[in-house]
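Architecture and fold: a report
What follows is the residue order along each chain.
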Amino acid sequence: MILPNWPAPKNIKAFASTREGGFSHAPYASLNLGTHVGDELHLVRENRLWLAQKAQMPSAPVWLNQTHSTRVAEVSTPTEQVLDADGLFTQTVGVVCSAMTADCLPLLITNTQGTQVAAVHAGWRGLSAGIVENALDKFCGEVMVWLGPAIGPLAFEVGDDVRQAFTDFDPQAAKAFVAQAKSGKWLADIFLLATQRLNRAGVRQVFSSQMCTYRNSGQFFSYRRDGVTGRQASFIWMEE
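Residues numbered from 1 in each chain as written. Predicted model: local features only at pLDDT ≥ 70, side-chain atom pairs only at ≥ 80, totals over all residues. Heavy atoms only, no water.

The name an unreviewed UniProt entry assigns to the protein is Purine nucleoside phosphorylase, from the organism Vibrio navarrensis.

Here's what the structure looks like:
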């Protein structure tokens, strides 16, 4: 488990999982948490239960059907229902918010009072379309954000369309793109892009793992690297 490097209130519990541990077999070895990637479902359930017990979660995580949207669902009680959204927000102690990734950026958010938390899945589409802003709109007061493991700036190659989507919103986003030898191709820094959006929304406390899923095959699943692969997840909840 990777713990955020942030000064969150003591009642806030948060971490990102890796691919290490668990029961799944290649190409999903070992701690695959995704039920939608072709892995044996009974093994995914075992992985989820093992992780919840290891992390001493107060309840089973709330899981999402993630579609690169900008929808942030609010949950007030633990539920086994899989919600159609790319972010989860709660003000209820004991509700575990989750965001699955395999290159996209997970964001964990808490207010400084420790009374509100959210987990967000942000690919470039969701990030450029405003999912971060949608999540922040649910919070009261000052917040802090942790950026979990995602594809790094030396591996995330994108086209002109991706760069345009960000620079149309904020010309400063151009700083997050490095031109490649092949025309129309760029290396993008999704950590910087997210930080820019957060700063623009007034968030100053942004902390980042700076861990690259693509370049660390032993620790992380990566869809861009492997195609058929598992999913890790990031979690956050409040205790009393």
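**What about helix H1 (residues 41-54)?**
Here H1 is 14 residues long and its end C-alpha atoms lie 20 Å apart, about the 20 Å a rise of 1.5 Å per residue gives. Those residues of H1 that fall on the buried side of the exposure criterion are Leu-43, Val-44, Asn-47, Arg-48, Leu-51 and Ala-52. On its buried face, H1 sits against strand S1 (12-16), strand S6 (97-101) and strand S14 (232-238). One or two residues past the end of H1 sits Gln-56, with phi positive at roughly 55 degrees. (Helix = DSSP H or I, 4+ residues; strand = E, 2+ residues; numbered from the N terminus. Expected span 1.5 Å × (residues − 1). Buried < 20%, exposed > 50% of the residue type's maximum accessible area, 1.4 Å probe, protein only. Contact = heavy atoms within 4.5 Å.)

**Here's the deal with the environment of Leu-108**
Along the chain, Leu-108 turns up in strand S7 (residues 105-111). Separated by 17 residues in the primary sequence, Leu-108 and Arg-125 place their C-alpha atoms 18 Å from one another.

**Details of the layout of surface pockets**
Taken as a whole, the largest pocket spans an internal volume of roughly 890 Å³. Among the elements of the structure, H1, strand S2 (64-65), S6, helix H2 (124-129) and helix H6 (223-226) are those that each provide at least two residues to the lining of the largest pocket. Counting residues per element, the lining of the largest pocket draws most heavily on H1, at 5 residues. Per-class residue counts for the lining of the largest pocket are 16 nonpolar, 9 polar and 7 charged. Around the second largest pocket, the lining residues are Leu-3, Pro-4, Trp-6, Ile-12, Lys-13, Ala-14, Phe-15, Ala-55, Gln-56, Trp-237 and Glu-239. Sort the elements by how many residues they give to the lining of the second largest pocket and S1 lands first, with 4 residues. In terms of residue class, the lining of the second largest pocket is made up of 8 nonpolar, 1 polar and 2 charged. (1 Å grid on protein atoms, 1.4 Å probe; cavity = no way out; pocket = protein on both sides within 12 Å on 5 of 7 lines; lining within 4 Å. Points joined across faces, edges and corners; volume = space filled by probe spheres on them. Nonpolar A, V, L, I, M, F, W, Y, C, P; charged D, E, K, R; others polar.)

**Some words on the sheet that holds strand S5 (residues 87-90)**
With respect to topology, 6 strands assemble into an open sheet ordered S3-S5-S8-S7-S9-S13, the strand pairing being mixed. Edge positions in the sheet fall to strand S3 (72-74) and strand S13 (205-208), since each has one partner strand and no second. Recorded for the sheet is a direction-independent mean angle of 20 degrees between the axes of neighbouring strands. By the bridge criterion, 4 bridges tie S5 to strand S8 (residues 117-122) in an arrangement that is antiparallel. The partner of Thr-90 across the bridge, within S8, is Val-117. Its contacts with the sheet put helix H5 (residues 190-200) on S7, S8, strand S9 (143-147) and S13, and the angle it makes with S9 is roughly 170 degrees. (Pairing = 2+ DSSP bridges. Axes fitted to C-alpha atoms, helices over the stretch in contact; angles between N-to-C directions.)

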